[in-house]
Amino acid sequence: MEKVQDFSKLLRHPQFLKRSDKHNLTDLPPIHVRLEPTETCNLRCNFCNFHNPDRQRDSGIVPDMANRSIDLRRLETLIHELKQLGTLAVSLTGAGDPLMHPEVEAMLQILVDSKLDIGVTSNLAMNLSDRTIDLLSHVKWIRWSQNAGDDRSFEIIHLPKARAHSFERAKLNAQRIGNHIEFKNTATYFSSSVVLNDLSLNQIERTIMVASAAKCESIQFRPDMIVTRGRPTYYQHKSFDQIAIDVTEQFKERIKIDFNIERTNESDDDIPHEILCRYSNASTYIDPLFNVYPCCYTRPLGAKFILGNVKDQPFSDFWQTNARKDYYRKLSMRDCPSCPHYQENLILSENFDAKAPLSPESDQPHINFV
């Protein structure tokens, strides 16, 4: 099976790896910044730590949420600062759905005009103007957070907050995006993702057919992970491997399919204390209040992981502070939430211990940046 979302893509960035030793790593700018435009979401997905109360009760984590949205004036200057610093990509993700930002068209215009590699993740189940669809066709990649293949499953899995935010709306918008990318002949990579748990298991074939009809180039299935490390996934199925093989063979002529199952048995025993998070120095996270976190996986845990704030200071000034550098030099994966970057950090850590720069792992292009 072909990998659609490869969690070792950082190892393909020579401009980072040639300088990746323990002495100067923290001086490098982040290659990639994940940006959370808004805390507002139209859904309460059963796997969401931010908007689903059942998941919050189960995990014991109640994030600080107030439907706040990022200020576009500061966003514009921030994007300029990141570009000047050497950042290559910005992707929109987060606690809320990025396309629920109240000034979504103006926000996307700022990002498209920046000429950075821009990515957008969205459930697509909201009203999208023709201009928004056109702007989306000029970003680097779009990931549709699909997770369902019909109306009934959408209602159960996504728990929409209003009737208008429906499966039919999401499917129609996905088709509009796919058609517009084709019509404009842009290089935008359009893909789908599905979080697998007991509620979505019987949706695998339906989601593939819907994503293919919307002209998605690929679809990825990944296990529903609990935020805190050392607890099992929400999805355990003894015939998972055979399901993956069967559907990949069935639909291989229509769409690329990736089953990401590497994390299904993750535990604390797999993460030695000495493995530090080197990845977080190359890909950081900013919320709507301009708080900076090491990554998206630390965002639900709130203030514990906030490194600082860049609302009233240039990002470059913050990035060069000793406090920020010292934090990264001590950030152990054992202290972090569950995440998919263990193998990547293991390779980077071994390289640092040898005090020798790595060579790029592969000359193959990567999808969706880091």
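Residues numbered from 1 in each chain as written. Predicted model: local features only at pLDDT ≥ 70, side-chain atom pairs only at ≥ 80, totals over all residues. Heavy atoms only, no water.

Enquirer: What is the right way to look at the state of the cysteines in this model?
Expert: What we call a disulfide is simply a covalent bond connecting the sulfur atoms of a pair of cysteines. A complete count under the given rule lists zero disulfides for this structure. Distance from the sulfur of Cys 336, which forms no disulfide, to the nearest cysteine sulfur (Cys 277) is 5.4 Å. A relative accessible area of 12% means that Cys 336 is categorised as buried. (Disulfide = S-S within 2.5 Å. Buried < 20%, exposed > 50% of the residue type's maximum accessible area, 1.4 Å probe, protein only.)

Enquirer: Is there a simple way to think about helix 8 (residues 204-213) in this case?
Expert: In an α-helix, one full turn covers 3.6 residues, which means residues spaced three or four apart are oriented alike. The set of residues buried in helix 8 consists of Ile 204, Thr 207, Ile 208, Val 210, Ala 211 and Ser 212. Positioned one or two residues after helix 8, Lys 215 has a phi angle of 70°, which is positive. (Helix = DSSP H or I, 4+ residues; strand = E, 2+ residues; numbered from the N terminus.)

Enquirer: How do you make sense of the packing of helix 3 (residues 72-85) against helix 4 (residues 104-114) when you look at a structure like this?
Expert: The description of two helices packed together rests on the angle between their axes and the distance between the axes. Here helix 3 crosses helix 4 at 15°, and the two axes come no closer than 10 Å. What the angle tells us is that helix 3 and helix 4 run roughly parallel. Considering only the axes of helix 3 and helix 4, their crossing is right-handed. Two secondary-structure elements touch here, helix 3 through Leu 72, Leu 75, Glu 76, Ile 79 and Lys 83 and helix 4 through Ala 106, Met 107, Ile 110, Leu 111 and Ser 114. Split by residue class, the contact of helix 3 with helix 4 holds seven nonpolar, one polar and two charged. (Axes fitted to C-alpha atoms, helices over the stretch in contact; angles between N-to-C directions. Parallel < 35°, antiparallel > 145°, perpendicular 65-115°, else oblique. Left-handed = near helix turned anticlockwise from the far one by under 90°. Contact = heavy atoms within 4.5 Å. Nonpolar A, V, L, I, M, F, W, Y, C, P; charged D, E, K, R; others polar.)

Enquirer: For this particular structure, what's the right way to read the side chain of Asn 46?
Expert: Among the secondary structure elements, Asn 46 is positioned in the loop between strand 1 (32-35) and helix 2 (53-59). Beyond its immediate chain neighbours, meaning those up to four positions away, Asn 46 contacts Asn 52, Arg 55, Ile 157, Asn 197 and Leu 199.

Enquirer: Before we go on, may I ask you to explain the packing of aromatic side chains in this structure?
Expert: Geometrically, a pair of aromatic rings is defined through the distance of the ring centres and the angle of the planes. If you walk through the whole model with that rule in mind, you get eight aromatic pairs. Look at Tyr 285 and Tyr 293: their rings are 6.1 Å apart centre to centre, the planes differ by 80°, and that puts the pair in the edge-to-face class. Taking the relative accessible area as the measure of exposure, Tyr 293 reaches 2% and is therefore buried. When the ring of Tyr 327 is compared with that of Tyr 328, the centres are 6.3 Å apart and the planes differ by 80°; the resulting orientation is edge-to-face. Owing to a relative accessible area of 25%, Tyr 327 belongs among the partly exposed residues under this scheme. Given a relative accessible area of 3%, Tyr 328 falls into the buried group. Chaining the aromatic ring pairs together yields one cluster made of Phe 315, Phe 318, Trp 319, Tyr 327 and Tyr 328. Arg 74 extends its terminal NZ or CZ atom over the ring of Phe 290, reaching a point 5.9 Å from the ring centre. Cation over ring: Arg 324 sits above Trp 319, and NZ or CZ is 3.7 Å from the ring centre. (Phe/Tyr/Trp six-rings, centres within 6.5 Å; stacked < 30°, edge-to-face > 60°. Lys NZ or Arg CZ within 6 Å of the ring centre and 35° of its normal.)

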